[in-house]
Amino acid sequence: MAHVPALIHSCSMLAFLGLPGASRQEAWTQEALERVSAEISRDIERLRGKRFLRPVTMRITDKAGFLAHAKERMDSMVPPEQLAGNELMAKMLDLIPPDLDLMQTTLDVLQDQVGGFYVPEEDAFYIMESFVGGAARIILAHALTHALDDQLFDIDDDMRARATESDAGLAYSAVVEGSGTLAMNRYTVENIEALDAKALMQASSMGADALRDAPAFIWLPLISAYLRGSTFLVHSGSSMAEVGQDATLEDLERAFTQPPLSSEQILHPEKYWSAEERDDPRTVQFDTSGLPDSWQVSYEDTLGELLLAILTTPYSERRGFDASNPLAVLGFNYTNACAEGWGGDRLIILSSENARFLELVTVWDTARDAAEFFGALSMLLPDIEVNLGELGKLMGGGKAQAQFEYGPTERQVVLSLAVGVSVSKLKKLREALSHSVLDSR
C-alpha cells in the first residue's frame, strides 16, 4: 500500500531538514493568508516557468481538521481490507510490533509534523493554524508546487492508481514530494535574508518524540519521499539535494508522465534516467488456482528495495529518527547491501479462519545479490519466529513457523511465514501456491 502521507498530500516539517529558518508572526487571518499565498504563487510560477491553470483556495485548519481529512481520504482511496492487510504484512515480517495500531501511530506522527495538506478535489490548501511566519511561507511554497503539479500533470489520479501498491506508490510519491522540496528549497534560497534560522529549528523539531519512537517502516518512507525524491529529480545519488538545485522542466514532465516504477529507481537514479542502465522491475505473479477451498487471498503487494532494506537491517541498528537534529538525516542509509541488486518481488497473504500464511518471492539481479539477501534472512529468522509467536497469541494462538529457501533459480529467494498452520498444512500450502516471473531482461 502506498505510504499514508503521500496519499493525503500532507506537507511535513521533515521537508525542512537542512534548510535555514523562519521568523515569527501572529496567527493567520484569512486576508493575510490569501495575500501571502498570492505572492508565493507568483514566485513558484517564475521559478518553475509554468502558470497556474486555476486559482488555489487557501484555508486555515487545525489538528482535528487534518485528522478528519486524513481518515476521509484514506477511506476513499484504500479498501479497509487493504489497510488491514498492510498492517498484518508489517507485523508478520516484524517491521512493526505485533500490538501496534499502524494507522493510529502514523497519524500520531503526522499530526505534529504536518504543516498543511492539499485537497485536489477542491483545488485547496489547508494550512495548520500553528504554522506561521517564515515556516508557513516555506510550507506554502511546497504546497503550492503540489497544486501546480496537480493542475499540470493530474498527480492525484496517478496517486490513486498506485494507492494499493507499496513500491510503485513510494516511487511516485518521491516524484511528487521531491518536486515540492526542490521548488521550496529554491524559494528559501531567494528569501534567505528574511528567514530566522532559530525559529525554523524550533519548528522542525515539532513531533520529534513521536518520530523518535516510531518504527522505520513509518518514518523512512516519509523522509525518503522528500529527500531522495529531490535527489532523484536532479539525477543524484546523494543523501540530499543541494539547496537551490531544481530539476529541468523536461525532467519533471518525464518523471510525472512516465513515472519511475520502483523505489530502486529512486534510490539509484541512473536505473531510471540512463538508457544504458535502465532497470525496470520484473513482475512476479502467483497462481492460486490450486489452493484448498478454505483459503482465500487477503492481501498482495510488492515491497521493493526500500522496504526490503528495512527488513534486512539488523535489529540492533533499527531505531527511531531524531528529528531534533537536522544533521541526523546524513547519518543513516536508505538501503543496504542485502537489499541492493533487487530485481522484483511479490508478497501474498492467505487467510483461513484464524490462520495466516505469508509468502514473499524475491528476484535478484545476480546470484550473489540473492545470496546476500538469503544470508540476511538466516540471521533474522530466529527473531522473526519469536515475533510470529507473539502475533499468534494475539490472534488466538496457533503454531508459528518461518522458512526460507532458494526458488527455482539461484536468483530467487522465497520466504514463507505462517501463524496457526500445522507443519503438514504448511507444506501443502507451499506446494499449492505457485509463482512465475516475467523476465523482461
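Look above for the structure.
Definitions and cut-offs
Residues numbered from 1 in each chain as written. Predicted model: local features only at pLDDT ≥ 70, side-chain atom pairs only at ≥ 80, totals over all residues. Heavy atoms only, no water. Core = buried A, V, L, I, M, F, W, Y, C linked by side-chain atoms within 4.5 Å. Buried < 20%, exposed > 50% of the residue type's maximum accessible area, 1.4 Å probe, protein only. Helix = DSSP H or I, 4+ residues; strand = E, 2+ residues; numbered from the N terminus. Phe/Tyr/Trp six-rings, centres within 6.5 Å; stacked < 30°, edge-to-face > 60°. Lys NZ or Arg CZ within 6 Å of the ring centre and 35° of its normal. Pairing = 2+ DSSP bridges. Axes fitted to C-alpha atoms, helices over the stretch in contact; angles between N-to-C directions. Expected span 1.5 Å × (residues − 1). Parallel < 35°, antiparallel > 145°, perpendicular 65-115°, else oblique. Contact = heavy atoms within 4.5 Å. Nonpolar A, V, L, I, M, F, W, Y, C, P; charged D, E, K, R; others polar. Left-handed = near helix turned anticlockwise from the far one by under 90°.

A word on the nonpolar core
As a rule of thumb, soluble globular proteins bury nonpolar side chains together.
Line of reasoning, step 1. Among the nonpolar cores identified, the biggest contains 91 residues, and Met-89 and Leu-93 are the most heavily contacted of them.
Line of reasoning, step 2. In terms of nonpolar packing, the next biggest core, distinct from the first, is built from 23 residues, Val-175, Leu-182, Phe-256 and Trp-273 among them.

Some thoughts on unusual backbone geometry
Line of reasoning, step 1. Even without being glycine, Asp-154 reaches a positive phi, approximately 55°.
Line of reasoning, step 2. Since its relative accessible area comes to 36%, Asp-154 is described here as partly exposed.
Line of reasoning, step 3. The phi dihedral of Glu-353 falls on the positive side, at around 55°, and the residue is not glycine.
Line of reasoning, step 4. Mapped onto the elements of the fold, Glu-353 is located in the loop between β7 (342-352) and β8 (355-364).
Line of reasoning, step 5. Judged by relative accessible area, Glu-353 falls into the exposed class, the value being 77%.

As for the packing of aromatic side chains
Line of reasoning, step 1. One pass over the structure, following the stated rule, counts 10 aromatic pairs.
Line of reasoning, step 2. Ring pairing ties together the aromatic residues Phe-66, Phe-117 and Tyr-126, which thus form one cluster.
Line of reasoning, step 3. Cation over ring: Arg-162 sits above Tyr-172, and NZ or CZ is 4.8 Å from the ring centre.
Line of reasoning, step 4. Against the face of Tyr-272 rests Arg-254, its NZ or CZ located 4.8 Å from the ring centre.

Some remarks on the sheet that holds strand β9 (residues 400-406)
Line of reasoning, step 1. Spatially, the five strands line up as an open sheet ordered β6-β7-β8-β10-β9, and their pairing is antiparallel. Strands with a single pairing partner mark the edges of an open sheet, and in this sheet they are β6 (296-301) and β9. Ignoring strand direction, the axes of neighbouring strands in this sheet form an average angle of 15°.
Line of reasoning, step 2. With 10 bridges connecting them, β7 and β8 associate as antiparallel partners.

Examining helix α11 (residues 216-233)
Line of reasoning, step 1. A rise of 1.5 Å per residue sets the reference length of α11, with its 18 residues, at 26 Å; its end C-alpha atoms lie 24 Å apart and thus fit the reference within 8%.
Line of reasoning, step 2. In terms of residue burial, α11 counts as a mostly covered element, since 18 of its 18 residues are buried.
Line of reasoning, step 3. Trailing α11 by a residue or two, His-235 shows a phi angle of about 65°, which is positive.

Concerning the pairing of strand β5 (residues 283-287)
Line of reasoning, step 1. Burial of β5 is one-sided: the residues Val-284 and Phe-286 facing one way are buried, the residues Thr-283, Gln-285 and Asp-287 facing the other way are not.
Line of reasoning, step 2. Examined bridge by bridge, β5 and strand β11 (residues 434-438) share five bridges and lie antiparallel to one another. Considered in β11, the bridge of Phe-286 is made with His-435.

Thoughts on the pairing of strand β3 (residues 114-119)
Line of reasoning, step 1. Among the six residues that make up β3, six are buried, leaving the element largely enclosed by the rest of the structure.
Line of reasoning, step 2. The pairing of β3 with strand β4 (residues 124-128) spans four bridges and is classified as antiparallel. Its bridge partner being in β4, Phe-117 is matched across the sheet by Tyr-126.

Brief notes about the packing of helix α4 (residues 80-92) against helix α16 (residues 367-394)
Line of reasoning, step 1. In the contact formed by α4 and α16, the axes pass within 9 Å of each other and the chain directions differ by 135°. As far as their axial angle goes, α16 and α4 are oblique. Contacts between α4 and α16 involve Leu-88, Lys-91 and Met-92 on the former and, on the latter, Ile-384, Asn-387, Leu-388 and Leu-391.
Line of reasoning, step 2. Considering only residue class, the contact of α4 with α16 consists of five nonpolar, one polar and one charged.

With respect to the environment of Leu-102
Line of reasoning, step 1. Inspection of the secondary structure puts Leu-102 in helix α5 (residues 102-113).
Line of reasoning, step 2. Note: C-alpha distance between Leu-102 and Ile-218 (116 residues apart in sequence) is 8.4 Å.

Some points on the packing of helix α6 (residues 133-153) against helix α8 (residues 166-190)
Line of reasoning, step 1. Following both chains from N to C, one finds α6 and α8 inclined at 135°, their axes separated by 8 Å at the closest point. Our classification of the angle between α6 and α8 gives oblique. Where α6 crosses over α8, the two elements pack in a sense that is right-handed. Counted together, Arg-137, Ile-138, Ala-141, His-142, Thr-145, His-146 and Asp-149 of α6 and Val-176, Glu-177, Ser-179, Gly-180, Thr-181, Ala-183, Met-184, Tyr-187 and Thr-188 of α8 form the full contact between these two elements.
Line of reasoning, step 2. Tallied by class, the residues present in the contact of α6 with α8 amount to six nonpolar, seven polar and three charged.

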